[in-house]
Amino acid sequence: MPNTLALERILVTGGSGFIGQHLLRALVALGNRPIATTRSLKGVRIADDLKTTVDWVEVDWIDPNSFAELNWEPGPVSVFHLAGVRVPDSVENAYERNWQGNVVVTENLLQALHQRWDLERFVALGSAEEYGEIELPMKETSLAQPVTSYGRSKARMTAMVKEWHRDAWVPAVVLRPFSVYGPGQPRQMFISQAIDHAVAGEDFAMTEGQQRRDLVYVSDVVSALLSVRPGCPVDRFGGHDINIGSGESRSLRQVAQMIWLLSGTEAELQIGARPAPPEELHDTWADISRARELLNWEPRVDLATGLRATIEWARTAESNTSPEYS
């Protein structure tokens, strides 16, 4: 059977980001030459193998003037919308920046796509922060109660995508990944920081680590994205939000201890050396029943295997720094 993904015209927004580059590499391996947009190519680290196998375009989806004259003919059939920002509430103007980078960006993109091209599928990335502090495990049917401006902006983005599916006949779905980790993860994330310290033999100061996270390896997130493909019934999954996680919850203390064991580092793991910011205190745990049912998807990489692969990558790769918005 021919690989139909190789025949598609695919657009990936936020292609220069962590998940974006992993997705692009998978699309290229399937025989596709995707279009990838990024806000700017200056100062962005793009893997060498993606520089010549992907068509890169600078587009700022916040600014309509940036894409007013885009003339892609034929236009994309499938869109993977990964562009967005995550600005902590401790940063000045966090609410406005999250709203612009997640809600306005998505609305402008949908408007442009709907007006110019016949779209067959639109897959957006949501966030576990949309849920806030609710009963575990987190289910798509639960009432979202986000406690951060980022979570609120992502919850509004999800609602808007579902509205477009209902009212404008855009065949859209929101995949909601939980804590994604793996090679190339931005350095400000916990696992990346812990692994960098372990590999460098440097002591690592962390919180008590009681907060729990549902950790999902990046290749599993990519496989979830690719499961929304030709032959997958759009009417079945369209308009849904779907959790993408491991279906398990681990404390950050356990994760750090596993990293120390797997890396063999002699550095000191300083548990309880610093307080946890309020936004880090809530726990996450995904119910992935809907992903199994609608996408025939479930994670394949267990935590030990994923951490081991990320540690080995960190031993040989330069530290990855991703832009706030891509």
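Residues numbered from 1 in each chain as written. Predicted model: local features only at pLDDT ≥ 70, side-chain atom pairs only at ≥ 80, totals over all residues. Heavy atoms only, no water.

A. A look at the overall build of the chain. When helices and strands are counted, the chain shows 11 helices and 13 strands. Expected size for 326 residues packed as a compact globule is a radius of gyration near 20 Å; at 19 Å, the chain falls within 12% of this value. Counting only C-alpha atoms and orienting by the principal axes, one finds that the chain spans roughly 55 × 45 × 45 Å. The 326 residues of the chain split such that 53% are buried. Look at the contacts in the chain between residues 6 or more apart in sequence, and 78% of them connect residues 24 or more apart. Carbon and sulfur atoms make up 47% of the accessible area of the chain, which totals about 15,000 Å². Between the centroid of the 31 positive side chains of the chain and the centroid of its 43 negative side chains there is a distance of 2 Å. (Helix = DSSP H or I, 4+ residues; strand = E, 2+ residues; numbered from the N terminus. Rg over C-alpha atoms; globule rule 2.2 N^0.38 Å. Buried < 20%, exposed > 50% of the residue type's maximum accessible area, 1.4 Å probe, protein only. Contact = heavy atoms within 4.5 Å. Areas by Shrake-Rupley, 256 points an atom, 1.4 Å probe, with all protein chains shown as cover. Lys, Arg positive; Asp, Glu negative; His and termini not counted. Charge placed at Lys NZ, Arg CZ, Asp CG, Glu CD.)

B. Focus on the side chain of Glu130. Structurally, Glu130 can be placed in the loop between strand 5 (121-125) and helix 5 (149-167). We classify Glu130 as buried; its relative accessible area is 3%. A polar contact is formed between the side chain of Glu130 and the side chain of Thr158, at a distance of 2.9 Å. Contact partners of Glu130, with chain neighbours within four places excluded, come to Ala144, Gln145, Pro146, Gly151, Lys154, Ala155, Thr158 and Arg176. (Polar contact = N/O pair within 3.5 Å; in protein donor to acceptor, adjacent residues only side chain to side chain.)

C. The arrangement of the sheet that holds strand 2 (residues 35-38) in detail. Read from one edge of the open sheet, seven strands run 3-2-1-4-5-6-11, paired in parallel fashion. Each having just a single partner strand, strand 3 (55-58) and strand 11 (241-244) make up the two edges of the open sheet. Between one strand axis and the next, the sheet turns through 20 degrees on average, direction left out of account. Sheet topology note: the strand 1 (residues 10-13)/strand 2 ladder contains three bridges and is parallel. Looking at strand 2, one finds that Thr13 is bridged to Thr37. (Pairing = 2+ DSSP bridges. Axes fitted to C-alpha atoms, helices over the stretch in contact; angles between N-to-C directions.)

D. Quick look at the packing of aromatic side chains. All chains considered together, the criterion is met by six aromatic pairs. Seen in terms of ring centroids, Trp61 and Phe67 are 4.8 Å apart; in terms of plane orientation they differ by 40 degrees. Their pairing is tilted. In this pair, the class of Trp61 matches that of Phe67, namely buried. Both rings, one in Tyr181 and one in Tyr217, keep their centres 5.4 Å apart while their planes meet at 65 degrees; by these two values the pair is edge-to-face. Of the two residues, Tyr181 is situated in strand 7 (residues 179-181) and Tyr217 in strand 10 (residues 215-217); the sequence distance between them amounts to 36 residues. (Phe/Tyr/Trp six-rings, centres within 6.5 Å; stacked < 30°, edge-to-face > 60°.)

E. Structural context of the nonpolar core. With 42 residues, the main nonpolar core has Ile19, Leu23, Phe80, Leu175, Leu225, Ile242 and Ile244 as its most contacted residues. Counting only elements with at least two residues in this core, the list comes to strand 1, helix 1 (18-29), strand 5, strand 6 (172-177), helix 7 (218-226), strand 11 and helix 10 (289-295). One finds Leu11, Trp72, Leu109 and Met157 within the second-largest nonpolar core, a separate group that totals 25 residues. (Core = buried A, V, L, I, M, F, W, Y, C linked by side-chain atoms within 4.5 Å.)

F. Representation of unusual backbone geometry in the model. Here the bond from Leu136 into Pro137 is cis, since omega is -5 degrees, no more than 30 degrees from zero. Of note, Pro137 is situated in the loop between strand 5 and helix 5. Positive phi is not limited to glycine here, since Asn93 has a value of about 60 degrees. Tracing the backbone through its elements, the reader meets Asn93 in the loop between strand 4 (78-81) and helix 4 (94-116).

G. Spatial organisation of helix 1. Taking 1.5 Å as the rise per residue, helix 1 with 12 residues should run 16 Å; its terminal C-alpha atoms sit 17 Å apart, in good agreement. Along helix 1, the residues classified as buried are Phe18, Ile19, Gly20, Gln21, Leu23, Leu24, Ala26 and Leu27. Of the residues trailing helix 1, Gly31 is marked for its positive phi of about 100 degrees. (Expected span 1.5 Å × (residues − 1).)

H. Spotlight on the pairing of strand 2. Along strand 2, one buried face is formed by Ile35 and Thr37 and the opposite face, lined by Ala36 and Thr38, is buried too. Traced from strand 1 through helix 1 to strand 2, the parallel crossover comes out right-handed. Where strand 2 meets strand 3, four bridges bridge the pair, whose relative direction is parallel. If you follow Ile35 over to strand 3, its bridge partner there is Asp55. (Right-handed = clockwise from strand over helix to strand, strands pointing away.)

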